[in-house]
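Examining the three-dimensional arrangement
Here are the chains, one letter per residue:
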Amino acid sequence: MPRKMDSGKNRDSNHIQEVNKEASLRYNLESNLELFTHIFNGDETLRIRKIQNKFLSDVTFCVIYLDGMVNTEIINENIIQPIMQNNLFEEISLIQLLEELQNKIIVSNNVVKEHDTNKMVRSLISGDTVLLINGYDISLIIDSKGMQMRSISEPESARVVRGPREGFTEAIMTNLSLIRRIINNQDLKMKFKEIGKRTHTKTCICYIEGLASTEIITELEKRLDAIELDAILDSGYIQELIDDAPFSPFETVGYSERPDVIAAKLLEGRIALVVDGSPFVLTVPYILIEGWHANEDYYNNYIFATFNRLLRMTGAFVATGLPAIFLAITCFHQEMLPTPLLISISASRMGVPFPSIVSLIGMLLVFDIIREAGIRMPAPIGQAVNIVGTLVLGQAVVEAKLISAPVVIITALSGIMTLLSPTMIGIVVLARFFLLFLSAVMGIYGYIFGMILIIIHVLNIRSFGVPYLLGMTTVKNHNSQDIWIRVPWWSMTLRPKIIGAKNLVRQSRKNR
């Protein structure tokens, strides 16, 4: 008989887990139904359907599933109808009945026997159907998933003019199929893990055998196994938990919403982590220069792609340092400016009540507020917010003599440059304020001191054992061929050193 259980409606979920551990199926169908009813007490999506075979009237079957998680056509046509209509004989043995159901009657690509009640509950929650039979302490779990999913579309955060238009969705199996469709090779391996004590979120480690480093795969699995969290709602949770530099704004785990980007990284020897429920796939190891790379670089002419890449890098440096340098020169080192320019800047400040540092910090904060509001608002409202913020507000503060015109120009330039590298926005904004404060105290020496601190910090960062500045500090080996510039494909014969150390040869030199 099933263990006697508390029937109170206010039990907590911890109690449910304890019940699941201690309860197991019995030979009596009613006792087993009572067990599932108790576990899902209060859940009105639980569906229980008893059926009988027209030739085997002494045996009662019961189909259990959660409404909304399953494809009801699969349950009706592939499970219920075959069981009710099939010609089962009364003299069939108990063992034979299970074998008949599993191998000949139920139409599904995945039917497994299960003793463990916890696994049955997890299968129900993930959209499978459990089949109980009176007189059996074992069930059949049948794949019947049918929840609604978002269709595949181009990612809003990574649009391209030239290149594939597909983006990941929230369904892990769909995302894996998108990767496998690009890398049509048996060496592409996928290992599943469940993370999250309450959500049991399914994750998948993807890598190409023979390219990916075994040590990095082992290290990634070790960090994932060490995660003890109630819930994983997005890959961002895991990104923070496996980060090499948790106290740094520099991210050591990459991410992308595009299958072609993830496939390219896998082919270089990196490892991807796909998380169910998130369209963002993580990649490790991740180096700094990847923040300035775009997938379109590899689809366009290499000269134009190099120009665009250098533009993004220059933009990041200008966005980070321009306000600090402007403040240092205008407040501490006016002798560095040509006299006409100095007179013009001084004239524009006539009547402005605030010092330059206050004006700059205020305008930069306003720009970041407008940027954040533009992102959070619906598209039509976001555009209106941007227009009001950039045009109306900018012009109004100058005419009201609250802010000088050069400060507005510096803020606008710095803000626009920030947007050139969307994945680097967080680092640029924080570094900009850090340098601005140092420049306000020590002038240009403060800016130089701040840059030295940032460079020393970055030099000490590793991503799964790989230097964060890999390839950026040297031009002697092939690591630099896809760092500052994008060399032609026919010249890119080797993979990045260290990351693709197991098989450095990317292509034959005969291609050109």
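The following refers to the structure shown. (Residues numbered from 1 in each chain as written. Predicted model: local features only at pLDDT ≥ 70, side-chain atom pairs only at ≥ 80, totals over all residues. Heavy atoms only, no water.)

**Some points on the overall build of the chain**
- Scanning the chain for helices and strands turns up 16 helices and 12 strands.
- Over its C-alpha atoms the chain spans a radius of gyration of 30 Å, topping by over 25% the 24 Å that the globule rule assigns to 512 residues.
- Dimensions of the chain, computed from the C-alpha atoms along their principal axes, are close to 105 × 60 × 35 Å.
- The buried share of the chain, reckoned over its 512 residues, is 46%.
- Across the chain, the fraction of contacts at a sequence separation of at least 24, relative to all contacts at a separation of at least 6, is 63%.
- Counting only carbon and sulfur atoms, one obtains 59% of the accessible surface of the chain, whose full area is about 26,400 Å².
- Treating the 49 positive side-chain charges of the chain as one cloud and the 51 negative ones as another, the clouds have centres 8 Å apart. (Helix = DSSP H or I, 4+ residues; strand = E, 2+ residues; numbered from the N terminus. Rg over C-alpha atoms; globule rule 2.2 N^0.38 Å. Buried < 20%, exposed > 50% of the residue type's maximum accessible area, 1.4 Å probe, protein only. Contact = heavy atoms within 4.5 Å. Areas by Shrake-Rupley, 256 points an atom, 1.4 Å probe, with all protein chains shown as cover. Lys, Arg positive; Asp, Glu negative; His and termini not counted. Charge placed at Lys NZ, Arg CZ, Asp CG, Glu CD.)

**Details of a nonpolar patch on the surface**
- A cluster of nonpolar residues, F434, V441, M442, Y445, I448, F449, I452, L453 and I456, forms a patch on the protein surface that exposes about 850 Å² of accessible area.
- Taken together, the elements giving at least two residues each to the nonpolar patch come down to α15 (425-442) and α16 (444-459).
- By secondary structure assignment, the location of F449 is in helix α16.
- For F449, a relative accessible area of 41% gives the class partly exposed. (Patch = residues over 30% accessible without salt bridge, like charges linked within 9 Å, V, L, I, M, F, W, Y side chains within 5 Å. Salt bridge = Lys/Arg side-chain N within 4 Å of Asp/Glu carboxyl O.)

**Section: the sheet that holds strand β5 (residues 139-142)**
- Ordered by their spatial adjacency, 5 strands build an open sheet running β1-β2-β4-β5-β3, and the pairing between neighbours is antiparallel. Two strands bound the open sheet, and with one partner strand each, they are β1 (46-52) and β3 (111-114). In this sheet, adjacent strand axes meet at a mean angle of 25° when their direction is disregarded.
- In terms of strand pairing, strand β2 (residues 60-66) meets strand β4 (residues 129-133) through 4 bridges, oriented antiparallel. Counterpart to I64 in the pairing with β4 is V130. (Pairing = 2+ DSSP bridges. Axes fitted to C-alpha atoms, helices over the stretch in contact; angles between N-to-C directions.)

**Brief notes about the packing of aromatic side chains**
- With the rule as written, the count across this model stands at 4 aromatic pairs.
- Judged by centre distance (6.2 Å) and plane angle (80°), the ring pair of F250 and Y468 falls under edge-to-face. Here the residue F250 occupies a position in the loop between α8 (235-241) and β8 (254-256), and Y468 occupies one in the segment after β12 (466-467), the gap between them amounting to 218 residues. In this structure, F250 and Y468 share a single accessibility class: buried.
- In this structure, K202 packs its charged tip against the face of F192, placed 5.7 Å from the ring centre. (Phe/Tyr/Trp six-rings, centres within 6.5 Å; stacked < 30°, edge-to-face > 60°. Lys NZ or Arg CZ within 6 Å of the ring centre and 35° of its normal.)

**What about unusual backbone geometry?**
- Going from V284 to P285, the amide bond is cis rather than trans, its omega being -10°.
- As for its placement among the helices and strands, P285 is situated in the loop between β10 (281-284) and α10 (302-331).
- Notably, F464 is not glycine yet its phi reads approximately 55°, a positive angle.
- As for its position among the elements, F464 is in the loop between β11 (462-463) and β12.

**Section: the pairing of β5**
- In β5, alternate side chains face the same way, and those of S139 and I141 on one face and L140 and I142 on the other are all buried.
- Two elements, β3 and β5, share 4 bridges in a ladder whose sense is antiparallel. Among the inter-strand pairings, V111 is bridged to a residue of β5, identified as I142.
- Counting the residues that bridge the hairpin from β4 to β5 gives 5 residues, and of these G135 lies at a positive phi of roughly 100°.

**A short note on the environment of P488**
- Examined against the element boundaries, P488 turns out to sit in the segment after β12.
- The sequence separation of P488 and Y207 amounts to 281 residues, and the corresponding C-alpha distance is 26 Å.

**A look at the sheet that holds strand β9 (residues 271-275)**
- Pairing within the open sheet is antiparallel, and its 5 strands lie in the order β6-β7-β9-β10-β8. The open sheet has two edge strands with one neighbour each: β6 (188-195) and β8. Going across the sheet, the axis of each strand differs from the next one's by a mean of 25°, ignoring polarity.
- Strand direction decides the pairing type here: β6 and strand β7 (residues 201-208), joined by 8 bridges, are antiparallel. Considered in β7, the bridge of F192 is made with C204.
- Here helix α6 (residues 172-182) sits on the sheet in contact with β6, β7 and β9, set at roughly 165° to β6.
- Helix-sheet contacts for helix α9 (residues 259-267) involve β6, β7, β8, β9 and β10, and the interaxial angle to β7 is about 50°.

Taken by themselves, the reported measurements are silent on function.
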